[in-house]
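Coordinates in review
Now for the letters of each chain:
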Amino acid sequence: MSKQHVTTTINGEPAEFLAEPFMSLLDALRDEMHLTGSKEGCGSGDCGACSIIVDGRLVCSCLMLAVEAEGHEIITIEGVANGDELHPVQRKFLEHAALQCGYCTPGLIVATKALLDRHPNPTETEARYWLAGNLCRCTGYDKIIRAVMDAAAEMRGVTA
Amino acid sequence: MAAVAATSSAIADAALELIEVKYEILPFVIDVEDAMLPGAPILHDDLFTAGVEPKATTASNIAKRVAFKLGDVDAGFAEADVVVEGYYTTQAVHQAYIEPHACVVTVGSDGQSLIYSSSQGHFMVRAYCAKLLGMELSDIRAMPSEIGGGFGGKTVVYLEPIAMALSKQTGRPVKMVMTREDVFRSTGPTSGGTIAVKLGAKKDGTITAATAVLKFQAGAFPGSPVQPGCMTCFAMYDLKNVTITGYDVVSNRPKVAAYRAPGAPISTFATESAMDELALKLGMDPIALREKNAAKDGTKTAYGVTFQNIGYTQTLEAAKNHPHYTAPLGPNQGRGVASGFWFNIGGESTGAVHVNEDGSVSIVTGSPDIGGSRASMAMMAAEVLGIPVEKVRPVIGDTATIGFTHLTGGSRVTFATGMAVTQAAERVRDDLKKRAAMIWEIPVEAVDWKDGEAVPAGANAGGFDPMPLAAIALKAAKTGGPIIAEVSVNAQGAGPGFATHICDVEVDPETGHTTVLRYTAIQDVGRAIHPSYVEGQIQGGAAQGIGWALNEEYIYDKQGKLDNAGFLDYRVPVASDMPMIEAVMIEVPNPRHPFGAKGVGEVPIVPPMAAVANAIRGAIGIRMPHLPMSPPKLRAAMDAKAG
């Protein structure tokens, strides 16, 4: 089976790679582009550890074929920080100790960014439902939700 | 068994398709009680029940019987004014760490092997692989990878020995990664079980007798956590007359593995539900009933230990006084309380502290970090050395670079590895004082250590400027060479963990769906080294317990095949299922640890199932003795009650 040439944009930079037709975008990101921040927890779109943003929409990269990335704009966890400056969501995850093993964290941060890009002022319940596709087995979500709400407040310019 | 190595997973999958396996279908048994019946299909014709008199002579699915006893329960029940009895069941549940098992290994032509894998203990990985492959421990170097959750489930090997055999044959590195389905089907969940409980009490709430009979699924091979299940289930109480009997039972299920406080959540669901029934029958407040019978310093447990420096009554006191306990409830809402106990362990650990030439400090331990323990290690060393924690970098050494360390489990790391790190830091501090004395040419007794600096003391006080750690490090070559210490301990005296949880639920009378409205988890943590990570352990344990209570279970079809081997159908709690979880830390320091730490990671999963069940009992007036308390079960129970 011949490989396909894929041209896309990843974290603001033009990118190209070769992919088998059946290869998931997650595998292409990790194995071809060496962007190993996105994780595979299930491979079936149930855990959200592989969350990325494609053209502004939150997507499970394990459910998308690598060849489908052609011509689209992709943001992965590696593109969330601005150089050395952490995104407020990343900073708040650290401040609130909103992680333990860290395996779900890249997906949760990407999902939170996608939420706040669209809805800068979510209620706690809205945040919980938005993040319901991102499983965390360590934290019980308490500190994650606090980090999300705090990041939202900071990004709106409100001191929490 | 067959294994295929290929240059891509797609080729390996295609090769696996070409292997034809013919199975002979044998009689099977899934349920634990069925497996114990006379005439049940026997899994192993060489398995005889251990722990019975006279010695068993016929093969049985009961691998082991254990029993614990204090006093005379018959006399105790004869004294009782009130007796409650109940029969409870729980289902097998999985640890459900989000990271599937994975490894990369190489076996060189000289037999030297390297293993990179995610586990709760790379010394454990090395030991199992050496044993299974007939190798010397020194020929295997096991590297600790970052671990994406374990909760007990990564305390055994699954992939590593197979990958090593393939690497040996091919002469190439071999990578193996489980799919999520593999994880559910082929790695150990914890046992489901049945528990029969009977409690007798005087009118004033004094428990006069307690019995429990536990039957736990071991999976296809012996080894369920029924023994700790027995030991923990009444450990919160000072009981004069108690018998606890446990059966380890094999059935045609995956072999179980450890899961957070192994055995205790299963048995305690039953005993703490029974305590709630007893409180109802006595017309007593559930916390008051627990206070009346609470274990205290000096209480002797049924398994023989006498407690010291425990904080159980303090958790009850805090629960009673917490605003949550007296907050008003609405219609279809209920409140439940339950307590729990876990031993916590110590054991073998090694910690090394290296002072670097620039005055920064490196710490090496052998404990994989599954919940932030590296930060705690750094904080303890920084405290001893009197330097900012940012100056301390903790790493986990592989099996060739740090001394033997037992795996991360039993809530032991902050206690035992923390003890090794603290002692190593103390040795380094003593060495730094010695070096300063050498530079100043004064006796070492005349040097103190304060805020990260050597200061002249006694007759020499004020005689020299304080010498910071970095300045001493710079001159290390001239004062005897590198400043390092490595300490190995076999830590004893881990203080036990006690917790009391309060849970509010609302049950939807239409659907039977339970919403957890509010949750407060109170726990004696000894001394919290890193308080927000301690809170995280408490919150995470409570959430796993809530999942166990309401949703999670291994579901088998009639052919004995697992029906829900994926996160869609095996539903762990998601963010929208949970309320905030208030963690309340009670600090009753452990005198056996330099900073008073007790293990904190496991006991928070012990009370939740009974706390939720007791809350549901409050909301709908029905005791739910069978887990999970899923909507169809609640709906059926409510329909039956309505007639």
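Residues numbered from 1 in each chain as written. Chains lettered and ligands numbered in written order. Predicted model: local features only at pLDDT ≥ 70, side-chain atom pairs only at ≥ 80, totals over all residues. Heavy atoms only, no water.

What about the nonpolar core?
Residues and elements named next belong to chain B. In plain terms, the rule: Joining through side-chain atoms within 4.5 Å is the link that ties buried Ala, Val, Leu, Ile, Met, Phe, Trp, Tyr and Cys residues into a set, and such a set is a nonpolar core. When accessible area is computed with a 1.4 Å probe and restricted to protein chains, residues below 20% of their type maximum are described as buried, those above 50% as exposed, and intermediate ones as partly exposed. Any pair of residues with heavy atoms lying within 4.5 Å of one another is described as a contacting pair.
Ranked by size, the top nonpolar core spans 167 residues in total, and within it Phe 234, Ile 616 and Met 629 carry the most contacts. The contact partners of Met 629, leaving out residues within four places of it in the chain, are Thr 514, Ala 549, Leu 550, Met 609, Val 612, Ala 613, Ile 616, Met 624 and Leu 634. If you look at the next biggest cluster of nonpolar residues, it comprises 44 residues, including Ile 363, Ala 381, Val 392 and Met 467.

A look at the environment of Ala257(B)
Quick note on the threshold: Helix and strand assignments follow DSSP, with helices taken as H or I runs no shorter than four residues and strands as E runs no shorter than two, numbered in order from the N terminus.
Secondary-structure assignment places Ala257(B) in the loop between strand E9 (242–250) and helix H8 (264–282). Each C-alpha atom, one on Ala257(B) and one on Thr187(B), is 7.6 Å from the other, the two residues being 70 residues apart in sequence.

Overview of the pattern of salt bridges
Residues and elements named next belong to chain A. Operational definition: Salt bridges are counted wherever a side-chain nitrogen of Lys or Arg sits within 4 Å of a carboxyl oxygen of Asp or Glu.
Under the criterion given, the structure shown has 32 salt bridges over all chains. Of the charged contacts, one joins Glu 95 and Lys 92 as a salt bridge, the two residues approaching to 3.0 Å between their closest N and O atoms. Separated by 3 residues within a single helix, Glu 95 and Lys 92 lie in helix H2 (residues 88–95), roughly one turn from each other. A relative accessible area of 8% places Lys 92 in the buried class. Through salt bridges that share partners, Arg 91, Lys 92, Glu 95, Asp 150 and Glu 154 make up one connected network.

What about the interface of chain A and chain B?
Going by this rule: Throughout, the accessible surface (probe 1.4 Å) given up by two parts as they are put together, summed over both, is called the buried area. Two N or O atoms count as a polar contact when they lie within 3.5 Å, although within protein this holds only if one can serve as hydrogen donor and the other as acceptor, and sequence-adjacent residues are included solely when both atoms are side-chain atoms. Under the convention adopted here, Pro, Cys and the residues Ala, Val, Leu, Ile, Met, Phe, Trp and Tyr are nonpolar, Asp, Glu, Lys and Arg are charged, and Gly plus all remaining residues are polar.
The interface of chain A with chain B comprises 27 residues on the first partner and 38 residues on the second. Contact between chain A and chain B buries roughly 2,700 Å² in total, counting both sides, with carbon and sulfur atoms accounting for 60%. The interface formed by chain A and chain B contains 2 salt bridges. Where chain A packs against chain B, one counts 14 residue pairs in polar contact (both at pLDDT 80 or more). Among the secondary structure elements, those contributing two or more residues to the side of chain A that touches chain B are helix H4 (124–130) and helix H5 (142–155) of chain A. Among the elements that make up the side of chain A that touches chain B, the one with the highest residue count is H5(A) (4 residues). A per-class count over the side of chain A that touches chain B returns 15 nonpolar, 4 polar and 8 charged.

Quick notes on the domain arrangement of chain B
Residues and elements named next belong to chain B. Keep this limit in mind: The source of the domain bounds is an automatic or database domain assignment.
We note that the domain assignment places domain 1 (9–22 + 95–186), domain 2 (310–344 + 495–643) and domain 3 (347–491) within chain B. The distance between the C-alpha centroids of domain 2 and domain 3 comes to 40 Å. Contacts between the two partners involve 16 residues from domain 2, matched on the other side by 15 residues from domain 3. At the boundary of domain 2 with domain 3, total buried surface from both sides reaches about 1,200 Å², with 69% on carbon and sulfur atoms.

A few points about the sheet that holds strand E12 (residues 361–365) of chain B
Residues and elements named next belong to chain B. Threshold: Whether two strands pair depends on DSSP finding at least two bridges between them. Only the stretch in contact is used when a helix axis is fitted, and all axes are lines through C-alpha atoms; the angle between N-to-C directions ranges over 0 to 180 degrees.
The 4 strands are arranged E13-E12-E11-E17 in an open sheet whose pairing can be described as mixed. This sheet does not close on itself; its edge strands, each paired only once, are strand E13 (392–396) and strand E17 (483–491). On average, each strand axis in the sheet is inclined to that of its neighbour by 20°, with strand direction left out of account. Here 5 bridges tie E12 to E13, and the two strands are oriented parallel to one another. Each residue of the ladder has a partner; that of Ser 362, found in E13, is Arg 393. Sheet contacts for helix H13 (residues 413–440): strand E11 (347–355), E12 and E17; angle to E17, the most-contacted strand, approximately 145°.

Quick look at a nonpolar patch on the surface
Residue and element names in this part refer to chain B. Filter applied, for reference: Patch criteria: residues need more than 30% relative accessible area and no salt bridge. Like-charged residues are merged within 9 Å; nonpolar side chains of Val, Leu, Ile, Met, Phe, Trp and Tyr are merged within 5 Å. Residue burial considers only the protein chains on display, and all accessible areas are found by Shrake-Rupley using a 1.4 Å probe.
A cluster of nonpolar side chains, Leu 16, Ile 19, Val 21, Tyr 23 and Ile 25, forms an exposed patch at the surface whose accessible area comes to about 570 Å². Among the structural elements, Leu 16 can be located in helix H1 (residues 9–17). Judged by its relative accessible area of 44%, Leu 16 falls in the partly exposed class.

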